[in-house]
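Here is how the chains run, residue by residue.
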Amino acid sequence: FPSHDINVGELHFEAFQNALNTFNSAIDFKYEDLAGFETVNAFQSLGFSKNDSEKLSIIKREIFQDLSTIKKPSWNKGILDLLDTLDELNIDYSVVSSGSRHRIINTLAQLNASDRFSFVITKDDVPHNKPHPDPYILAVNKSKIPISNSLAVEDSFNGYTSASSAGLDVWQ
């Protein structure tokens, strides 16, 4: 499920801002423009060198972990109803995320949703992360559901590119 279905986007945005503050850098940006990028690449897209982007990535990850223990993630309105409906219709659904397995598993645990999804695919499971099609190719192969009966729900350009390149219809 995309991050806009869970309020973690706000936590990521705050973590990005706080990490930038440690570099005394006040850059105006929209989190939506960075969603779906590896954190290092997101900082590079804001104009930082690779070395500084790697440092900022570590800082941002630590800040995000701290924030997510204080401000627990929650489902956005209507998402639990959607999941309940999918369950009633016996429709499988899974998570395909560009985040790390550790972060996604922790977020699902905080949401009491560890067992809701058929499986979870993260950047740690594939040789190439989004926007490459590898995450969705693995998901399709793992689900054994024909691509023609599958739908990806995405909130980022990289996610859309990944899913559509794998041959899936995408709802954005």
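Positions within a chain are numbered from 1, following the residues in the order the chain's sequence is written. It should be noted that, the model being predicted, local features are given only for residues of pLDDT at least 70 and side-chain atom pairs only at 80 or more, the latter also being counted only at that level, while totals for whole chains, interfaces and linings use all residues. Side-chain calculation: all heavy atoms of the structure are included, whereas hydrogens and water are not.

## Some details on the pattern of salt bridges
- In the sections that follow, a salt bridge refers to a side-chain nitrogen of Lys or Arg positioned within 4 Å of a carboxyl oxygen of Asp or Glu. Using the criterion set out here, one finds six salt bridges in the structure.
- E14 is paired through a salt bridge with K71; the nearest N and O atoms lie 2.7 Å apart. Of this pair, E14 sits in helix α1 (residues 8-22) while K71 sits in the loop between α4 (50-70) and α5 (79-88); the two residues are 57 residues apart in sequence, bridging distant segments of the chain.
- Here E14 falls in the partly exposed class, since its relative accessible area comes to 23%.
- Across the pair K130 and E154 runs a salt bridge, and its minimum N-O distance is 2.7 Å. Note that K130 is positioned in the loop between β2 (120-121) and α7 (134-143) and E154 in the loop between β3 (151-153) and α8 (157-165), a separation of 24 residues in sequence. As far as the burial class goes, K130 and E154 line up, both buried.
- The network of salt bridges with common partners includes D84, D87 and R116. By the criteria applied, helices consist of DSSP H or I runs no shorter than four residues and strands consist of E runs no shorter than two, each listed in order from the N terminus. Using a 1.4 Å probe on the protein chains alone, a residue whose accessible area is under 20% of its type maximum counts as buried, one over 50% counts as exposed, and one in between counts as partly exposed.

## Re the packing of aromatic side chains
- The rule is short: rings of Phe, Tyr and Trp, with Trp giving its six-membered ring, pair when the centres are within 6.5 Å, and they are stacked under 30 degrees, edge-to-face over 60, tilted in between. All told, the structure shown has seven aromatic pairs when counted by the stated rule.
- Relative to F43, the ring of F16 has its centre 4.9 Å away and its plane inclined at 50 degrees; by these criteria the two rings are tilted. Taken together, the positions of F16 in helix α1 and F43 in helix α3 (residues 39-45) put the pair 27 residues apart, joining distant regions of the chain.
- The exposure class assigned to F16 is buried, which follows from its relative accessible area of 3%.

## Observations regarding the packing of α1 against α4
- Angles shown run from 0 to 180 degrees and are taken between the N-to-C directions of axes, each axis being a line fitted to C-alpha atoms and, for helices, limited to the stretch in contact. It is at 8 Å that the axes of α1 and α4 come closest, and there the two elements cross at 135 degrees. One way to sum up the angle between α1 and α4 is to call them oblique. At the point where α1 passes α4, the crossing takes the right-handed sense. Contact residues: V8, L11, H12, E14, A15, F16, N18, A19, L20 and T22 in α1; L56, I59, K60, I63, F64, L67 and S68 in α4.
- Here the residues of the contact of α1 with α4 are counted per class, giving eleven nonpolar, four polar and two charged. Any angle from 65 to 115 degrees is called roughly perpendicular, while one under 35 is roughly parallel, one over 145 is roughly antiparallel, and all others are oblique. Crossings are assigned a handedness: left-handed for a near helix turned anticlockwise from the far helix by less than a right angle, right-handed for a clockwise turn. We call two residues contacting when some pair of their heavy atoms lies within 4.5 Å. For this classification, Asp, Glu, Lys and Arg are treated as charged, while Ala, Val, Leu, Ile, Met, Phe, Trp, Tyr, Cys and Pro are nonpolar and the rest, including Gly, are polar.

## Examining helix α6 (residues 101-110)
- Of the positions making up α6, those classed as buried are I104, T107 and L108. Buried residues of α6, viewed axially, fall in a sector of 100 degrees; they line one side.
- With its phi angle positive at about 55 degrees, N112 sits one or two positions after the end of α6. The arc in question is the one spanned by the directions pointing from the helix axis to the C-beta atoms.

## Points about the environment of N21
- Position of N21 relative to the elements: it lies in helix α1.
- Of the residues examined, N21 reaches a relative accessible area of 47% and is grouped as partly exposed.
- Taking C-alpha positions, N21 is 16 Å from D66, a pair spaced 45 residues apart along the chain.

## Some remarks on unusual backbone geometry
- Residues K130 and P131 are joined by a peptide bond in cis, for which omega reads 20 degrees.
- The residue N112 is not glycine, and still its phi comes out positive at about 55 degrees.
- Within the element layout of this structure, N112 appears in the loop between α6 and β2.
- The exposure class of N112 is exposed, given its relative accessible area of 73%.
- One non-glycine residue, K144, adopts positive backbone phi at about 60 degrees.
- One can find K144 in the loop between α7 and β3.
- You can call K144 exposed: its relative accessible area is 70%.

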